[in-house]
Every structure is written in C-alpha cells, then in structure tokens.
Amino acid sequence: ADALNDAEEANKAKQEFFSKMSHDIRTPLNVVLGMTQIAQKYKNDAPRLESALDSITNEGNYLLVLINSILDVNQLEHGHMELNKAPFDAVRCAADSVELLRPLADQSGVTITCLMSEGVTVRASEDDIYHIVFNLVENAIKYNLPGGDVTVRVETRGGQSVLSVADTGIGIPEADRPNIFNRFYRVDKARSREHGGSGLGLSIVHDAAALYGGTVTVDGVEPHGTRFTVTFPRAAADEAPETQKEVSET
C-alpha cells in the first residue's frame, strides 16, 4: 500500500510538473515574440531597442532553463546518466563549477569561499560531478540571504573523497529534509520564478552520486543555513599530499 501511494504521489508530482512547464514556457515565449516585434518597430530607437533586446535575452535564458529541466526529467526517467569511472581531479572540477557561478554570487551579494585539499580524485564521470557541484552551489547562492556566505570544501576523509557546500541562507525545515531528494519535490510550493526550481536539481545530485557509490546528506547550520555533504569512495590514484588552499571572493 505504501509503495502504491508513493507511486501515485510521484505520478501526480510529474503531472503537476509538466502542467506547470506548459504554462511557464508560454509566458517567456510570448514575451520573446512581443519584444521581437517591438525591436523591429523601434530598431532606430536605441533605448527602446536595447530594452527589448535585454528582455529577449532574459526570457530566452529562462526558456533554456525550462527546456533543460524537461530534458533532465527524460534523463532521470530513462536512466541515461553517463557512467564513466575514470579517475580525475575533483578539485579542478569543483573550482571550474564555482567560477561559472561567480557572477550570480556577485549579483546576489554572496561571498563564496573555497577550501580545497590537493590530490582529491574521484572515479566517476567529470560531467556528472560538475552537475553535482553546480546544482548545490547554485542553490546555496539562490536561497541565501543578502551578504551571506557559501563555503565549498573538497577534501579526503580516510578512504573517502568528500565535497560539502554550506550556506548561511534560509535553511530547509527539518520536516522537509527526508523528501528533498525526491523528484519534483519543492520545499516552498509557491516558490517564485525569481528563484526558479523545477524540483529536479537535488534528485539529480542524489542519483548522480549514487551512480558512483556515493551518498548525499543534508543538515542544518547554526545559526541558520544548510550544508550538503557528498561522499565518494576515494580513487586509488589519490596519493597526492593534502595542502589546503583558500580562495574567497564576493
């Protein structure tokens, strides 16, 4: 009975997701079409043309997010996640992911601090690890508070390689934590478009980690905030000395 209820809930969530996507895609698409007409009409009016082009760019980027979310659903549903267990430098992968999110952090007034040990390797697909870091850091920025902090750590603990992302943001209620890795689950059902959120990001993190024998845990941070910790078996090639480096930028 519990399994049946879970399946019904998952199917309901999936239907709600696609219903919301259908509505959400129409809105930016209509804006793009409308702004294109304005750009054509006022092509000799620089201020109006620039404003229309800015709107087209913003709405186009949002459409891309929505389309990628739909593709992520297909990937998860059909098990198309890449499985490539070649060892690689997890520190470099994490650092590259963070750098892509610096502009978002700057815009949000959030400081990102990276504490990374040398020689941390993971036997997995680099693309999948990139998605894990990107999703966790992006969430940590989006759901932070103005002037908040995000701390990204990559280190080894015994026979494990560990990535953690901690923030000083709005936090996740303890009652919601057991469900946050479920597909389509969102803590705030009325979450605004400003924050976006298809309810897929954390399920992708969970599934990608599990694919390579990893685990993901979440806990609160005092006085407020959230820490996600992803743990992988340490790759045999990981013999480099550990020297902690710190990089901090706003």
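To be clear, the structure that these remarks concern was listed above.
Computed from a prediction, not measured in an experiment: that's the story for all the values here. (Residues numbered from 1 in each chain as written. Predicted model: local features only at pLDDT ≥ 70, side-chain atom pairs only at ≥ 80, totals over all residues. Heavy atoms only, no water.)

(A) Fine view of empty space enclosed by the protein. Using the criterion set out here, one finds one cavity of 30 Å³ or more in the structure. Of the voids in this model, the largest cavity is the one considered here, and its volume is about 90 Å³. In terms of lining, the largest cavity is formed by Ala90, Ala94, Val120, Val122, Ile129, Val133, Val154, Glu155, Ser161, Val162, Leu163 and Phe232. If you list the elements that add at least two residues to the lining of the largest cavity, you get helix 3 (90-100), helix 5 (126-142), strand 4 (149-157) and strand 5 (160-167). Here the residues of the lining of the largest cavity sort into ten nonpolar, one polar and one charged. (1 Å grid on protein atoms, 1.4 Å probe; cavity = no way out; pocket = protein on both sides within 12 Å on 5 of 7 lines; lining within 4 Å. Points joined across faces, edges and corners; volume = space filled by probe spheres on them. Helix = DSSP H or I, 4+ residues; strand = E, 2+ residues; numbered from the N terminus. Nonpolar A, V, L, I, M, F, W, Y, C, P; charged D, E, K, R; others polar.)

(B) Quick look at the packing of aromatic side chains. Taken as a whole and judged by the stated rule, the model has two aromatic pairs. Ring geometry for Tyr130 and Phe134: centres 5.6 Å apart, planes at 40°, overall tilted. Of this pair, Tyr130 and Phe134 both sit in helix 5, four residues apart, which is roughly one turn of that helix. By relative accessible area, Tyr130 is classed as partly exposed at 26%. Relative to Phe228, the ring of Phe181 has its centre 6.2 Å away and its plane inclined at 80°; by these criteria the two rings are edge-to-face. Taken together, the residues Phe181 in the loop between strand 5 and helix 6 (201-211) and Phe228 in strand 7 (residues 226-233) connect sequence positions 47 residues apart. Neither residue differs from the other here; Phe181 and Phe228 are each classed as buried. Looking at Arg48, its charged tip hangs above the ring of Tyr42, at a distance of 4.3 Å from the centre. (Phe/Tyr/Trp six-rings, centres within 6.5 Å; stacked < 30°, edge-to-face > 60°. Buried < 20%, exposed > 50% of the residue type's maximum accessible area, 1.4 Å probe, protein only. Lys NZ or Arg CZ within 6 Å of the ring centre and 35° of its normal.)

(C) Focus on helix 3. Taken together, the buried positions of helix 3 are Ala90, Val91, Cys93, Ala94, Ser97 and Val98. Along helix 3, the residues classed as buried sweep out an arc of 165° about the axis, all on the same side. As for helix 3, its buried residues are in contact with strand 1 (87-89), helix 4 (102-108), strand 2 (111-116), strand 3 (121-123), helix 5 and strand 4. The N-cap of helix 3, judged by a side-chain oxygen 3.0 Å from the amide nitrogen of Val91 a few residues on, is Asp89. (Arc of directions from axis to C-beta. Contact = heavy atoms within 4.5 Å. Polar contact = N/O pair within 3.5 Å; in protein donor to acceptor, adjacent residues only side chain to side chain.)

(D) Expanded view of the environment of Val110. By the element assignment, Val110 lies in the loop between helix 4 and strand 2. Residue classification places Val110 among the buried residues on the basis of a relative accessible area of 1%. Between the C-alpha atoms of Val110 and Asp149, which are 39 residues apart in sequence, the distance is 5.5 Å.

(E) Looking closely at the pairing of strand 2. With six of its six residues buried, strand 2 lies for the most part within the structure. Alternating residues of strand 2 divide into Thr111, Thr113 and Leu115 and Ile112, Cys114 and Met116, and every residue in both groups is buried. Where strand 2 meets strand 4, six bridges bridge the pair, whose relative direction is parallel. Looking at the pairing, Cys114 lines up with Val152 of strand 4. (Pairing = 2+ DSSP bridges.)

(F) Region of the structure containing the nonpolar core. Among the nonpolar cores identified, the biggest contains 40 residues, and Ile112, Ile129, Ile132, Val137, Val152 and Phe228 are the most heavily contacted of them. Of all the secondary structure elements, the ones that give two or more residues to this core are helix 3, strand 2, helix 5, strand 4, strand 5, helix 6, strand 6 (215-220) and strand 7. With seven residues, the top contributor of residues to this core is helix 5. In this structure, Phe228 is in contact with Leu136, Leu163, Ser164, Val165, Ile172, Ile180, Phe181, Leu202, Val216, Thr217 and Val218, ignoring residues within four places of it in sequence. (Core = buried A, V, L, I, M, F, W, Y, C linked by side-chain atoms within 4.5 Å.)

(G) View of the packing of helix 3 against helix 5. With their axes 9 Å apart at the nearest point, helix 3 and helix 5 run at an angle of 45° to one another. With respect to helix 5, the axis of helix 3 lies oblique. Relative to helix 5, helix 3 is oriented so that their crossing is right-handed. Contact residues: Arg92, Cys93, Ala94, Ser97, Val98 and Leu100 in helix 3; Glu126, Ile129, Tyr130, Val133, Phe134 and Val137 in helix 5. Of the residues belonging to the contact of helix 3 with helix 5, the class tally is nine nonpolar, one polar and two charged. (Axes fitted to C-alpha atoms, helices over the stretch in contact; angles between N-to-C directions. Parallel < 35°, antiparallel > 145°, perpendicular 65-115°, else oblique. Left-handed = near helix turned anticlockwise from the far one by under 90°.)

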